Amino acid sequence: MASLVLSPAEQDFIIRGVEKGFRSDGRSNLDRREVTLQTGMISQANGSARCRIGNLGVGTDVLVGVKAEVNTWAPGEPETMGSVICNVECSPSAAQEFEGRGADEINVELTQLLDRIISGGSQGDDGLDLSALCIIPKQAYWVLHVDALVLDVRGGIADALVMATRAALMETRLPRVVVETITDDAGTTQAEFDVVDDAEDMVALSGVSGLPLAVTFNQIGKRYTVDASEQEEAVTQAKITVAVSPRMDICAIQKGGMSRGFPPSLLSEILQTAQRIAKEEFAKFATLYEEAAKRSEQQSDGPSTGSTFLVPF
Amino acid sequence: MMDVDTEAQDARDIASRIVTPGTLVTSDSAYMRGHGTFMENATIYSSVAGAVERINKLVSVRPLKQRYSGEIGDIIVGRITEVAAKRWRVDVNSRQDGVLLLSSVNLPGGIQRRKSESDELQMRTFFAEGDLVFAEVQSYFADGALSLHTRSIQYGKLRNGTFVTVFPQLVPRSRNHFHSLPCGVDVVLGVNGYIWISKHVPASKIEQNSELIYSDKNEFISDDERETIARIANCIQLLNRLYVKITDTSIIFAYEASLGHAVKDLLTRDIAMDLAHAVKAHLAQQS
């Protein structure tokens, strides 16, 4: 992702730092940078969230919006489930290499990654309950469009992307749907649904508390780091993203983006570390989400004019 | 005719104002318009966001954020982007890449060694793409690109440390841009906003080994040195984000104020703001 070229001296400094467990900004190998989360800022969307991972107001910044619409069932589609359609786009203003068609490859990669992570456990107890999105079997269902926009890149995207998506889905509210069964004169029963147009009467998605969080590991030298900065990405040999559910199940694993492999023994160590880190991250995420929800309730209609660049967005 | 008092009052009113593009600066026709302004119907408006400055009858607006544009004699840090025929192209954080001519660098084996044909063919053994170079602006090319030189023992390839970028206008031009800080770390403050923080290497050691001026190998860096380098790097980052002038004094103040915190905590919002306020207060006290 980073087209940053570093001098051999800088690369050596970073690699030796990681091998000693002390990175260039003082973090240990498994420390994440500051995370800021904001929800509910897109009023026209059913749910929205923005997550930034980085220091002092500058970092990898992802905005996610969730829009719901009702689809008519067509033969061949699942009969008792709704669906989720993800789309990730990297804004050309996020990094120079995203100009023009430059972001096409990474857009596809991230879209497929997000898709797998969201649905990676949903048939079981991990993740969105898609059957709750069904309105009338074989007739109508909710489809959720999850659209993510990457606004800035300072190191890996996947972690911020999944965090923002999780927050957006937790914040999503669907209008209540009333289903009636109507029997006409011929005796045939037919189900009809009606979407209640009341802004106060909205329903949350079921199963969102089971959605996973992602942790990306970069192998640098003989060690690996969590939440790499752009400079660390430039010396990364291999990268792996692990999505873990709150029940500590692995929902998705993606190794990619780099051209070198790494030993399988490292993989099992990384999966265990991922579970450990994910546990802490879920707790931190819950706090961040609560604060974000509180802040969006208190928000006045006008923009705040304080020292905005350091205040969460 | 205005009397002196009103004129002085006017002058005070004009200067030390922060304006945004389109703000009326003055409608007094006595003033001439300088950079950052435009005139419409004999009224001077600001065309940038910045502070109004007045020198005698000249009114200009200095923008808060501006691309670095080099001046002769500037001491800068640059990154090599391209190796071309008998020259290197250097990213100097400006509108254009600078140029470092092969004839403007010291060749290993003594300052007075003459350039040979084989040197032209082995330019990458001196500087390759990605290398960081400490140089001085010698002159301009016809198209405005900066021409750099490293013809002095303290200039050349940078190693043993880490790189930080700051807003160029926070690095004031001064007599000395290479500082050996009391905590055992050397800082190179490039006027173009590129800063290099490294382990302290005594000057005598550099002079001894003229063969090694283009070496890519780092010296051994101990854990303490690494921590100090990271601490200084974080201090500079927070000074930058909170818009404090970056000089050896402000860095030392920030370093001392930061000693009570863990290095990685220096970049969290609350601690960073506290430290920046402490540094600003200390600097104000001193002046």
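Residues numbered from 1 in each chain as written. Chains lettered and ligands numbered in written order. Predicted model: local features only at pLDDT ≥ 70, side-chain atom pairs only at ≥ 80, totals over all residues. Heavy atoms only, no water.

### Looking at the confidence of the model for chain A
Residue and element names in this part refer to chain A. Per-residue pLDDT for chain A averages 88, and the proportion of residues at 70 or more is 91%. Helix α3 (residues 158-171) holds the highest mean pLDDT among the elements of chain A, 96, whereas strand β9 (residues 189-195) holds the lowest, 86. Between residues 304-308, whose pLDDT stays under 50, and residues either more than four places distant or in other chains, the model counts 2 contacts. (pLDDT = per-residue confidence, 0-100. Helix = DSSP H or I, 4+ residues; strand = E, 2+ residues; numbered from the N terminus. Contact = heavy atoms within 4.5 Å.)

### Observations concerning the interface of chain A and chain B
Contacts between the two partners involve 29 residues from chain A, matched on the other side by 34 residues from chain B. Between chain A and chain B, a total of about 2500 Å² is buried, with carbon and sulfur atoms accounting for 59% of that surface. The interface formed by chain A and chain B holds 3 salt bridges in total. Between Arg79 of chain B and Glu10 of chain A there is a salt bridge, with its nearest N and O atoms 2.8 Å apart. Our enumeration of links across chain A and chain B arrives at 12 residue pairs in polar contact (both at pLDDT 80 or more). Here the element with the most residues in the side of chain A that touches chain B is helix α1 (residues 8-20) of chain A; it accounts for 8 residues. In terms of residue class, the side of chain A that touches chain B is built from 12 nonpolar, 8 polar and 9 charged. (Buried area = accessible area lost by both parts, 1.4 Å probe. Salt bridge = Lys/Arg side-chain N within 4 Å of Asp/Glu carboxyl O. Polar contact = N/O pair within 3.5 Å; in protein donor to acceptor, adjacent residues only side chain to side chain. Nonpolar A, V, L, I, M, F, W, Y, C, P; charged D, E, K, R; others polar.)

### Concerning a nonpolar patch on the surface
Residues and elements named next belong to chain A. A cluster of nonpolar side chains, contributed by Ile250, Ile253 and Leu267, occupies part of the molecular surface with about 200 Å² of accessible area. Within the secondary structure layout, Leu267 lies in helix α5 (residues 264-298). Leu267 sits in the partly exposed class, given a relative accessible area of 30%. (Patch = residues over 30% accessible without salt bridge, like charges linked within 9 Å, V, L, I, M, F, W, Y side chains within 5 Å. Areas by Shrake-Rupley, 256 points an atom, 1.4 Å probe, with all protein chains shown as cover. Buried < 20%, exposed > 50% of the residue type's maximum accessible area, 1.4 Å probe, protein only.)

### A closer look at the packing of aromatic side chains
Applying the stated criterion across every chain, the model contains 10 aromatic pairs over all chains. Taking 5.6 Å as the distance between ring centres and 80° as the angle between the ring planes, the aromatic pair formed by Phe217 of chain A and Tyr224 of chain A counts as edge-to-face. In terms of burial, Phe217 of chain A and Tyr224 of chain A fall into one category: buried. If you follow Arg79 of chain B out to its NZ or CZ, it ends over the ring of Phe163 of chain B, 5.0 Å from the centre. One Lys or Arg, Arg226 of chain B, reaches over the ring of Phe13 of chain A and ends 4.5 Å from the middle of that ring. (Phe/Tyr/Trp six-rings, centres within 6.5 Å; stacked < 30°, edge-to-face > 60°. Lys NZ or Arg CZ within 6 Å of the ring centre and 35° of its normal.)

### Quick look at the nonpolar core
In this structure, Val62, Leu128, Leu144, Ile157, Leu169 and Phe217 of chain A are the most contacted members of the largest nonpolar core, which totals 73 residues. In this structure, Phe13 of chain A together with Val171, Leu267 and Ala272 of chain B belong to the second largest nonpolar core, which totals 34 residues. (Core = buried A, V, L, I, M, F, W, Y, C linked by side-chain atoms within 4.5 Å.)

### Focus on the packing of helix α5 (residues 223-241) of chain B against helix α6 (residues 248-258) of chain B
When two helices pack together, their arrangement is given by the angle between the helix axes and by the axis-to-axis distance. Residue and element names in this part refer to chain B. It is at 9 Å that the axes of α5 and α6 come closest, and there the two elements cross at 115°. Here α5 is positioned roughly perpendicular relative to α6, judged by the angle of their axes. The element α5 and its partner α6 pack so that their crossing is right-handed. Contacts between α5 and α6 involve Thr228, Arg231, Ile232, Cys235, Ile236 and Leu239 from the former and Ser250, Ile251, Ala254, Tyr255 and Ser258 from the latter. For the contact of α5 with α6, a count of residues per class yields 7 nonpolar, 3 polar and 1 charged. (Axes fitted to C-alpha atoms, helices over the stretch in contact; angles between N-to-C directions. Parallel < 35°, antiparallel > 145°, perpendicular 65-115°, else oblique. Left-handed = near helix turned anticlockwise from the far one by under 90°.)

### Let's talk about the sheet that holds strand β16 (residues 185-189) of chain B
All names here are of chain B. Spatially, the 4 strands line up as an open sheet ordered β14-β17-β16-β15, and their pairing is antiparallel. Both outer strands of the open sheet, β14 (161-165) and β15 (178-180), are each paired with one neighbouring strand and no more. On average, adjacent strands in this sheet sit at an angle of 20° to one another, irrespective of strand direction. As paired elements, β16 and strand β17 (residues 194-199) share 5 bridges and run antiparallel to each other. By the bridge assignment for β17, Val185 is matched with Lys199. Packing against the sheet, α5 makes contact with β14, β16 and β17, and its axis sits at approximately 160° to β17. (Pairing = 2+ DSSP bridges.)

### What about the side chain of Thr165 of chain A?
Residue and element names in this part refer to chain A. With respect to the element layout, Thr165 can be found in helix α3. The exposure class of Thr165 is buried, given its relative accessible area of 0%. Beyond its immediate chain neighbours, meaning those up to four positions away, Thr165 contacts Val64, Leu114, Ile118 and Val146.

### Looking at the environment of Ser60 of chain B
For Ser60 of chain B, the location among the structural elements is in strand β7 (residues 58-63). The residues contacting Ser60 of chain B, other than those within four sequence positions of it, are Gly34, His35, Thr37, Ala51, Val52 and Glu53 of chain B.

### Examining unusual backbone geometry
Residues and elements named next belong to chain B. The phi dihedral of Asn56 is positive, around 50°, even though this residue is not glycine. Positionally, Asn56 belongs in the loop between β6 (50-55) and β7. Its relative accessible area of 60% is what places Asn56 among the exposed residues. In this structure, Asn93 is a non-glycine residue whose phi angle is positive, near 65°. Structurally, the position occupied by Asn93 is in the loop between β9 (87-91) and β10 (98-101).

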